[in-house]
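# Structural overview for review
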Amino acid sequence: MQKEKILSLLSEKCMQSFGCDLDEATKQQTYRAVCLVVRDLLVQTRNDFCSRYEKQQAKQVYYMSMEFLVGTSLHNNLYNLGLEDSFRAALADLNVDLDDLYEIEPDAGLGNGGLGRLASCYMDAMSSLHIPATGFSLRYEFGIFKQKIIDGWQMEFPDNWLDMGDVWLIPRKEDAVEVKFGGQVHEWMQDGKLKIEQYDYTPVLAVPYDMFISGYDSGAVNKLVLWSAKSPSNMDMNAFSRGDYVKAIEQNAMAEAISKVLYPADDHVEGKILRLKQQYLFVSASLQSIVKNHLKHFDSLDSLPQKAAIHINDTHPALCVPELLRILLDDYGYDWDRAWDICQNTLAYTNHTVMSEALERWPEYLFREQLPRIYQLVAEINRRLVNQLNTVYPGDLAKIEYMAVIANNEVRMANLCLACCHKVNGVSKLHSDILKDSIFHDYYHIAPDKFTNVTNGIAYRRWLCQSNPKLTEKLREWIGDGFLHDANALEKLMKYYDKANVLQDLQKIKRYNKEVLCNYIARSNGINVDPNSIFDVQIKRLHEYKRQLLNVLHIMHLYCVIKENPNLDIPPRTFIFAAKASAGYFMAKQVIRLIDAVSKLVNSDPAVREKVKVVFLEDYKVSLAEIIIPAADISEQISIAGKEASGTGNMKLMINGAVTLGTLDGANVEIHEQVGDDNIFLFGLTAPEVEELWKKGYNPVEYYNGNLELRRVIDMLTSGVLGSRFDEIAKSLLTNSYGAADAYMTLADFDSYVRKQEEVGRTYLDKRKFFNMSLVNIAKAGLFSADRAVTEYADDIWQVKGIK
Ligand SMILES: *Cc1c(COP(=O)(O)O)cnc(C)c1O
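Everything quoted here is computed from the prediction, not taken from an experiment.

Conventions used here
Residues numbered from 1 in each chain as written. Predicted model: local features only at pLDDT ≥ 70, side-chain atom pairs only at ≥ 80, totals over all residues. Heavy atoms only, no water. Helix = DSSP H or I, 4+ residues; strand = E, 2+ residues; numbered from the N terminus. Rg over C-alpha atoms; globule rule 2.2 N^0.38 Å. Buried < 20%, exposed > 50% of the residue type's maximum accessible area, 1.4 Å probe, protein only. Contact = heavy atoms within 4.5 Å. Areas by Shrake-Rupley, 256 points an atom, 1.4 Å probe, with all protein chains shown as cover. Lys, Arg positive; Asp, Glu negative; His and termini not counted. Charge placed at Lys NZ, Arg CZ, Asp CG, Glu CD. Phe/Tyr/Trp six-rings, centres within 6.5 Å; stacked < 30°, edge-to-face > 60°. Lys NZ or Arg CZ within 6 Å of the ring centre and 35° of its normal. Arc of directions from axis to C-beta. Core = buried A, V, L, I, M, F, W, Y, C linked by side-chain atoms within 4.5 Å. Domains from an automatic or database assignment. UniProt positions renumbered as here; feature names shortened; annotations may be inferred. Near = heavy atom within 4 Å. Polar contact = N/O pair within 3.5 Å; in protein donor to acceptor, adjacent residues only side chain to side chain. Nonpolar A, V, L, I, M, F, W, Y, C, P; charged D, E, K, R; others polar. Pairing = 2+ DSSP bridges. Axes fitted to C-alpha atoms, helices over the stretch in contact; angles between N-to-C directions. Patch = residues over 30% accessible without salt bridge, like charges linked within 9 Å, V, L, I, M, F, W, Y side chains within 5 Å. Salt bridge = Lys/Arg side-chain N within 4 Å of Asp/Glu carboxyl O. Buried area = accessible area lost by both parts, 1.4 Å probe.

The next point concerns the overall build of the chain. For the chain, the helix and strand inventory stands at 34 helices and 25 strands. In terms of overall dimensions, the chain is globule-like: its C-alpha atoms have a radius of gyration of 27 Å, near the 28 Å expected for 804 residues. Each of the three principal axes of the chain carries a C-alpha extent, and together these read 90 × 75 × 60 Å. Each of the 804 residues in the chain was classed as buried or not, and the buried ones make up 60%. Taking contacts inside the chain between residues at least 6 apart in sequence as the whole, the part at least 24 apart equals 76%. Of the roughly 31100 Å² that the chain leaves accessible, carbon and sulfur atoms contribute 48%. Between the averaged position of the 89 positive side-chain charges in the chain and that of its 107 negative side-chain charges there is a distance of 1 Å.

Here's what the structure looks like:
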């Protein structure tokens, strides 16, 4: 596209939207005009794409997820459309720097962490692969909170992203649907058929907003449909006419509260009524619209499984099972067996965690009260399931209860998915094996073919091509453009494995990206860090199982070692953390406080700060990750083995040339397979060893007593040398006053971690060796492309194909 054409589109948009000339527009107005012009281009491409797949009557994917961590869109869309350079040139004529406009855009933070980001990476990949797909979620008015650290404490602030982020959303008020909460169910027989009606319910309107998702150089544009809750306009009239103005307004607010805010708990359930209402609103509205769309193109719902693959991303949308069943039975008159068959063949489920505190369960009374018809259906699903299990496991009441959908006065969402969906997958080899061998073993036993694995992947065009342009440019020079479409082509880099000039260039690029990050750190934290130091990075949600604490204990150990021997010759290090803690997660917030205290101690000590610096960057989010990741030397992936389902941060860092320091957990196992022993720093207990140690009886005090280095740092927690005391952390490690003592085996892995960190330091001294490792990591990262992952879903689970 010519820059004259772009300028004329921008002028027109500016006049239309703001009534001003382009050269008089503010930065904000220019930003909006640019986004709106890009949005128009996406709409055109989408219309072409839709008519192509509708003509072919192609099968579609419906990706259901409570979270999509979209991040920013302008850069991504311009890149995918191949328009970045021409827009940059056009804007330069107006004395506007495109990078300044990128900075205006707020992240669409409609997710907590890995799970939500995965959903967004998969939408990008499906568009790039021409797979017709619609993502469904909620249009949260407030996404993941903004984080500030004040005196060591995390403070949360509302994320009012719609203020500027709304440019990407197109409302479709005319397609609003009604969702029913509460009330009673009336059943009667008519013409020999059971009829159902819900009455006295509270109706809530779900209004869809479309966000378009472009694919790389693909001619396909998919959409994300975000539902916003609204009170139906006529709902208040009764209260109004009774003169109860306040009640009318209250009901309005209650309805609209449903899509107000994203729950900020990651890998942890929040058993709140509002959360259940969010889930049902989004599931019911989405399924109603899927069914309506199907019937627009096909004459009955018999063909739904052939034309629609509905994917349940974690158990948050598990209500898809009874809601689809409800629509088929109550709205379209199917009998149970036929309806169940359609549900089974249409629905598939991905499990994302084995942590018991994340397994969703609802109190039965609450579930029945809020969703009376859905409750009846779940009870019937459970009755039939238990009958079936009684024939498979006769008399084994414990097993049957473990597998039941309703037991102990609770409704269990994972079992609901397992009982119905035709496929269930984990997100890395190790994780999928754990599902089969332990938590879902009894289901695996009766339906082994249901279970499969799809190792996670990332949208590498965002995480490499867009966020690391310097490396991308060099890669194109070295191995050609093939990797832009096919990440496996990165492997061609292996031919330069030992080529001195390539290794030097890699080092220079890393050094440049580290300077960019240094500038960011100077601005945000007022700390000067040395770009020659090792950038040792741990960025992810703060969670005990992810063991940021192990990282900090090692830094405290280094502090002690340097104080003891100020002339110690070690390569300087910068430890970089970024992490949000769930607002109510006490121990996670203590760990943030500890990182803050250690950073103050270390950074202010002249004897230490030349060798070690510690930086905590506030408000971890996609756009911050895009700055940190290209600058990382070491990728900390140090969860206790068996707990991290996959990780995707590990993949983003790998493809940018960071070397993993990690346990054999999640997708680290596959990263290890890809790069081999020599190009990864592995340490710690393996998943079977962790199991073994639990069985034997784990006692962290033995490690404390048996290791002087460890004892020294644990004692620092309570001694006051850190400025304040961290008694609760020490107690959680050594006593059972906060659950099991050291439930994440930090002490058991401490020594192994410290020794491996020493090896990291020694290795880095040999720059050539280190950048050999870095090169291999980039070259072998192709496997972790979301294109590969989505292709596996398409072939093995959804049975869909891309459109020619
Ligand atoms: C990739 C990503 C995550 C997931 O990180 P893990 O290390 O896999 O837990 C979380 N948050 C953001 C913003 C991300 O981009």
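Counting across every chain of the model gives 19 aromatic pairs. Ring geometry for Phe 181 versus Tyr 280: centroids 5.8 Å apart, planes at 85°, classification edge-to-face. In this pair, Phe 181 is assigned in strand E8 (residues 177-181) and Tyr 280 in helix H10 (residues 273-297), connecting sequence segments 99 residues apart. Each of the two residues, Phe 181 as well as Tyr 280, counts as buried. An aromatic cluster is built from Tyr 63, Phe 68, Tyr 122, Tyr 793 and Trp 798, whose rings are joined through pairwise contacts. One Lys or Arg, Lys 470, reaches over the ring of Tyr 512 and ends 4.3 Å from the middle of that ring. In this structure, Lys 580 packs its charged tip against the face of Phe 145, placed 5.6 Å from the ring centre.

On to helix H13 (residues 336-346). By the burial criterion, the buried members of H13 are Trp 336, Ala 339, Trp 340, Ile 342, Cys 343 and Thr 346. Buried residues of H13, seen end-on, are gathered within an arc of 160° and therefore sit on one face of the element. In this structure, the buried residues of H13 make contact with helix H11 (304-307), strand E13 (308-313), helix H12 (320-331), strand E14 (347-350), helix H15 (372-392) and helix H17 (413-420).

Quick look at the environment of Tyr 102 now. Position of Tyr 102 among the secondary structure elements: in helix H5 (residues 98-104). Sequence spacing of Tyr 102 and Gln 147 is 45 residues, and the spatial spacing of their C-alpha atoms is 21 Å. Beyond its immediate chain neighbours, meaning those up to four positions away, Tyr 102 contacts Leu 74, His 75, Leu 78, Glu 84 and Arg 88.

One non-glycine residue with positive phi stands out, namely Gln 57, at about 50°. Mapped onto the fold, Gln 57 is located in the loop between helix H2 (27-55) and strand E1 (60-64). The phi dihedral of Asp 619 falls on the positive side, at around 60°, and the residue is not glycine. Inspection of the secondary structure assignment puts Asp 619 in the loop between strand E22 (612-616) and helix H25 (622-628).

The next thing to look at is the nonpolar core. The nonpolar side chains of a soluble globular protein tend to be buried with one another. Met 126, Leu 347, Phe 367, Met 556, Leu 594 and Trp 798 are the most contacted members of the largest nonpolar core, which has 282 residues in total. Of the residues that make up this core, three or more belong to each of domain 1 (56-72 + 107-456 + 791-798) and domain 2 (466-784). When near neighbours in sequence (up to four residues on either side) are disregarded, Met 556 contacts Leu 594, Val 598, Val 713, Met 716, Leu 717 and Leu 722. Core analysis: the next-biggest nonpolar cluster, separate from the first, contains 6 residues, Phe 49, Tyr 53, Ala 58 and Ala 220 among them.

Moving on: the UniProt feature "modified residue: N6-(pyridoxal phosphate)lysine" (unreviewed entry) in the chain. Cross-referencing UniProt, the feature "modified residue: N6-(pyridoxal phosphate)lysine" (unreviewed entry) maps to Lys 652 in the present numbering. Positionally, Lys 652 belongs in helix H26 (residues 649-655). The buried category is assigned to Lys 652, whose relative accessible area is 7%. Among all residues touching Lys 652, those that are not within four sequence positions of it are Arg 117, Ile 458, Trp 463 and Ile 629.

The ligand sits among 14 residues. The nearest are Lys 540, Lys 546, Thr 648, Gly 649 and Lys 652. Between the ligand and Lys 546, the relevant distance is 2.7 Å, taken from an oxygen atom to a side-chain nitrogen or oxygen of the residue. Within the backbone of Thr 648, a nitrogen or oxygen atom sits 2.8 Å from an oxygen atom of the ligand. Here the ligand loses 96% of its free accessible area of 390 Å² to cover by the protein chains. Its residues placed into classes, the shell around the ligand shows 5 nonpolar, 5 polar and 4 charged.

Take the side chain of Gln 279 next. Looking at where Gln 279 falls in the secondary structure, it is placed in helix H10. Gln 279 sits in the buried class, given a relative accessible area of 0%.

Glancing now at the environment of Leu 101. With respect to the secondary-structure elements, Leu 101 resides in helix H5. C-alpha of Leu 101 to C-alpha of Val 34: the two residues are 67 residues apart in sequence and 8.9 Å apart in space.

In this fold, Glu 103 is placed in helix H5. Note: C-alpha distance between Glu 103 and Tyr 31 (72 residues apart in sequence) is 9.7 Å.

It is worth spelling out the sheet that holds strand E20 (residues 534-539) at this point. Pairing is parallel across the open sheet formed by 6 strands, whose spatial order is E22-E21-E20-E23-E24-E25. The outermost strands of the open sheet, each flanked by one partner alone, are E22 and strand E25 (681-682). Sheet topology note: the strand E21 (residues 573-578)/E22 ladder contains 5 bridges and is parallel. Each residue of the ladder has a partner; that of Ile 576, found in E22, is Val 615. The strands touched by helix H24 (residues 586-603) within the sheet are E21 and E22, with E22 carrying the most contacts at an inclination of about 145°.

Where nonpolar side chains cluster on the molecular surface, the patch consists of Ile 150, Trp 153, Met 155 and Phe 157 and spans about 340 Å² of accessible area. The element contributing the most residues to the nonpolar patch is strand E6 (residues 153-157), with 3 residues. Take Ile 150: it is sitting in strand E5 (residues 146-150). Residue classification places Ile 150 among the partly exposed positions, given a relative accessible area of 37%.

Right, let's talk about the sheet that holds strand E17 (residues 410-412) for a bit. Spatial strand order, E15-E17-E16: 3 strands in an open sheet with antiparallel pairing. Looking at the sheet topology across the chains shown, the edges are occupied by strand E15 (361-363) and strand E16 (406-407). The sheet contact formed by E16 and E17 spans 2 bridges and is antiparallel. Within the sheet, the bridge partner assigned to Ile 406 lies in E17 and is Val 411. Contacting E15 and E17, H17 runs over the sheet at an angle of about 50° to E17.

Attention now goes to the domain arrangement of the chain. On domain assignment, one finds that the chain holds domain 1 (56-72 + 107-456 + 791-798) and domain 2 (466-784). The centre of domain 1, based on its C-alpha atoms, is set 35 Å off from the matching centre of domain 2. Contacts between the two partners involve 38 residues from domain 1, matched on the other side by 41 residues from domain 2. Both sides of the domain 1 and domain 2 interface together cover about 3100 Å² of buried area, and 55% of this is carbon and sulfur. Of all residues in domain 1, Gln 147, Met 355 and Leu 430 bury the most surface against domain 2, accounting for 17% of the area lost on that side. Joining domain 1 to domain 2, the criterion identifies 19 residue pairs in polar contact (both at pLDDT 80 or more). Listed by contribution, the elements that provide at least two residues to the side of domain 1 that touches domain 2 are strand E2 (68-71), helix H6 (114-128), E5, E6 and helix H18 (429-439).

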